[in-house]
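The residues making up each chain are set out below.
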Amino acid sequence: MKRKAPKRTCIACGSTDEKRELVRFVRAQDGTVACDPGGKKAGRGAYVCRDSACFERARSKHLFEARLRCSLSVEDYERLEQEFSVCCSDNAAPTR
Ligand SMILES: [Zn+2]
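These numbers were taken from a predicted model, which means no experiment stands behind them.

J.: Please set out the overall build of the protein chain residue by residue, giving values where relevant.
T.: Counting its regular elements, the protein chain contains 3 helices and 5 strands. Secondary structure elements in the protein chain, listed N-terminal to C-terminal, are β-β-β-β-β-α-α-α. Taken over the C-alpha trace, the protein chain has a radius of gyration of 13 Å; the compact-globule value for 96 residues is 12 Å, and the two agree within 12%. Seen through its C-alpha atoms, the protein chain measures out along the principal axes to roughly 45 × 30 × 20 Å. Across the 96 residues in the protein chain, those meeting the buried criterion constitute 30%. Charge separation in the protein chain, taken as the distance between the mean sites of 20 positive and 14 negative side-chain charges, equals 11 Å.

J.: Just give me the short version of the coordination of the zinc ion, but keep the residues and values in it.
T.: The protein atoms that coordinate the zinc ion are C10 (SG), C13 (SG), C49 (SG) and C54 (SG), at distances spanning 2.3 Å. Around the zinc ion sit 4 donor atoms, and with donor-metal-donor angles ranging over 103 to 114° the site reads as tetrahedral. Each donor residue of the zinc ion belongs to the same chain, and together they define the spacing C-x2-C-x35-C-x4-C. This pair shows no difference in class: C49 is buried, exactly as C54 is.

J.: Pulling in residues and values, what's your account of the state of the cysteines?
T.: The final tally for this structure, using the stated rule, is 0 disulfides. Cysteine C88 shares no disulfide, and the gap to the nearest cysteine sulfur, in C87, comes to 6.7 Å.

J.: Give a detailed account of the nonpolar core, specifying residues and quantitative values.
T.: Membership of the largest hydrophobic core comes to 23 residues, with the highest contact counts inside it found for C10, F25, V33, V48, F55, F64 and L72. Among the elements of the structure, β3 (22-27), β4 (33-35), β5 (44-49), α1 (52-60), α2 (63-68) and α3 (74-89) are those that each provide at least two residues to this core.

J.: Break down the packing of α1 against α3 for me, with residues and values.
T.: Two elements in contact, α1 and α3, have axes whose closest approach is 11 Å; the angle formed by their N-to-C orientations is 165°. Taken together, the axes of α1 and α3 are roughly antiparallel relative to one another. Considering the relative orientation of α1 and α3, their crossing is right-handed. Contact residues: α1 offers S52, F55, E56, A58 and R59, while α3 offers Y77, E78, L80, E81 and F84. Residue composition of the contact of α1 with α3, grouped by class: 5 nonpolar, 1 polar and 4 charged.

Conventions we followed
Every chain begins its residue count from 1, and numbering advances along the sequence as written. Reporting in this predicted model follows two pLDDT cut-offs: at least 70 for local features of residues, and 80 or more for side-chain atom pairs to be given and counted; totals over whole chains, interfaces and linings ignore these cut-offs and use all residues. For side-chain calculations, the full set of non-hydrogen atoms in the structure is used, while hydrogens and water are omitted. Under the DSSP-based scheme used, a helix requires at least four consecutive residues in state H or I and a strand at least two consecutive residues in state E, with every element numbered from the N terminus. Throughout, the radius of gyration refers to the C-alpha atoms, and the reference size of a globule is 2.2 Å times the residue count to the power 0.38. Here's how the labels work: a residue is buried when its accessible area is under 20% of the maximum for its type, exposed when over 50%, partly exposed in between, all with a 1.4 Å probe on protein chains only. Counted as positive: Lys and Arg. Counted as negative: Asp and Glu, with His and the chain ends omitted from the count. For the purpose of locating charges, the reference atoms are NZ of Lys, CZ of Arg, CG of Asp and CD of Glu. Here the term donor refers to an N, O or S atom within 2.8 Å of the metal (or 3.2 Å for Na, K and Ca), and because water is left out of the atoms, sites may appear incomplete. Sites are called tetrahedral only when four donors show all angles between 85 and 135 degrees, square planar or octahedral only when four or six donors show opposite pairs over 155 degrees and all other angles between 65 and 115, and irregular in any remaining case. Disulfides are defined as pairs of cysteine sulfur atoms found within 2.5 Å of each other. In plain words, nonpolar cores are sets of buried Ala, Val, Leu, Ile, Met, Phe, Trp, Tyr and Cys residues tied together by side-chain atoms within 4.5 Å. Inter-axis angles, ranging from 0 to 180 degrees, are taken between N-to-C directions of lines fitted to C-alpha atoms, where helices are fitted over the stretch in contact. Any angle between 65 and 115 degrees counts as roughly perpendicular, while under 35 counts as roughly parallel, over 145 as roughly antiparallel, and the rest as oblique. Handedness of a crossing is defined here by the sense of rotation of the near helix relative to the far one, left-handed for an anticlockwise turn of less than a right angle and right-handed for a clockwise turn. Contacts are assigned to residue pairs that have any heavy atoms within 4.5 Å of one another. Three classes are used: nonpolar for Ala, Val, Leu, Ile, Met, Phe, Trp, Tyr, Cys and Pro, charged for Asp, Glu, Lys and Arg, and polar for all others, with Gly counted as polar.

This is the structure in structure tokens:
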């Protein structure tokens, strides 16, 4: 049986991959941005490859701000980078 895997696009490099291969960041209603490894949080989302190079590119080019329509401080980015690295080191696909 064929299952259609949802595809998402990395905001940094523009490559398209299955949703579970990308790390999702989501902007909550209160404006905070967080990593969402389960892909279940509500809000505007942005996807980045499980690759620190893509995260760095998104940070240096302010792609998160553009995509999520928010402003992020240096501290926000440091927190996101930490959350992102945790997501990347966890190679297991999220359970559902
Ligand atoms: Zn990428």
